[in-house]
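Working through the structure, step by step
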Amino acid sequence: MRLVGPSGEQVGVVRVEDALRLAEEAGLDLVEVAPDARPPVCKLMDYGKFKYESAMKARDARRNQANTQLKEIQFRPKIDQHDYATKMGHIERFLKGGDKVKCIVRFRGREQSRPELGIRLLQRVAEEMDELGTVESHPRQDGRNMVMVLAPTRKKAEVKSDQRRRREEARANRRAEKHAGKARNAPVASSGEQA
């Protein structure tokens, strides 16, 4: 078998008995890493440590994985300014959080004969959210609804890592303030007191 040392150096082609003896002397495990190769490749390593490190890498990968969701916001063609501002606040929050937003304009009755109102409204939304997101699918009529999808400019993984970094900084600042407060409140012996 071809043997690889604990730090990745090539030992060479050795017999199985010799490889087992080397592993025993080093206090490591002999692990077959490429059984299909000719000759098979084995490595000297601490198998428990290897399994632990691979589990930690998998956990970190899962933590950093981000699931982008599709959030929906519904409008009416004749929306009041305050309602519009509230919905724009929701869209802004969703885009900053790294989620996609599906904007829907619902038409009722005779409003269906005026699709330009919906197009104008959705274009206004897209213009106001230009900094936070891009139009993924342009406004299109879908029965009684007109639909447009906005995608965030920042990826959700970036947003999550920023949030985690800010949380850790805030925690460190709180700890520093707590320790500084204890140092200020510590009793100080005056120069006039006798020991």
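Residues numbered from 1 in each chain as written. Predicted model: local features only at pLDDT ≥ 70, side-chain atom pairs only at ≥ 80, totals over all residues. Heavy atoms only, no water.

Quick reminder of the rule: UniProt positions are given in the numbering used here, feature names are shortened, and annotations may be inferred rather than shown by experiment.
The protein carries the name Translation initiation factor IF-3 in an unreviewed UniProt entry, which gives Actinomyces massiliensis F0489 as its organism. Quoted verbatim from the Sequence similarities (unreviewed entry) heading of the UniProt record, the comment on the protein is "Belongs to the IF-3 family."

Considerations on the pattern of salt bridges
Heads up, the condition is: We define a salt bridge as a side-chain nitrogen of Lys or Arg found within 4 Å of a carboxyl oxygen belonging to Asp or Glu. Buried residues are those whose accessible area, probed at 1.4 Å on protein chains only, stays under 20% of the maximum for their type, while exposed residues exceed 50% and partly exposed ones sit between those limits.
All chains considered together, the criterion is met by eleven salt bridges. When the shortest N-O distance is used, the salt bridge between Arg15 and Asp18 registers 4.0 Å. You can call Arg15 exposed: its relative accessible area is 53%. Among the ionic contacts, a cluster of salt bridges with common partners joins Arg15, Glu17, Asp18, Arg21 and Glu25.

A few points about the domain arrangement of the protein
Interface size is commonly expressed as the accessible surface area that is lost when the partners come together. Formally: Domain start and end points were adopted from an automatic or database domain assignment.
Domain parsing of the protein yields domain 1 (2–49) and domain 2 (70–152). One C-alpha centre belongs to domain 1, the other to domain 2; they are set 61 Å apart.

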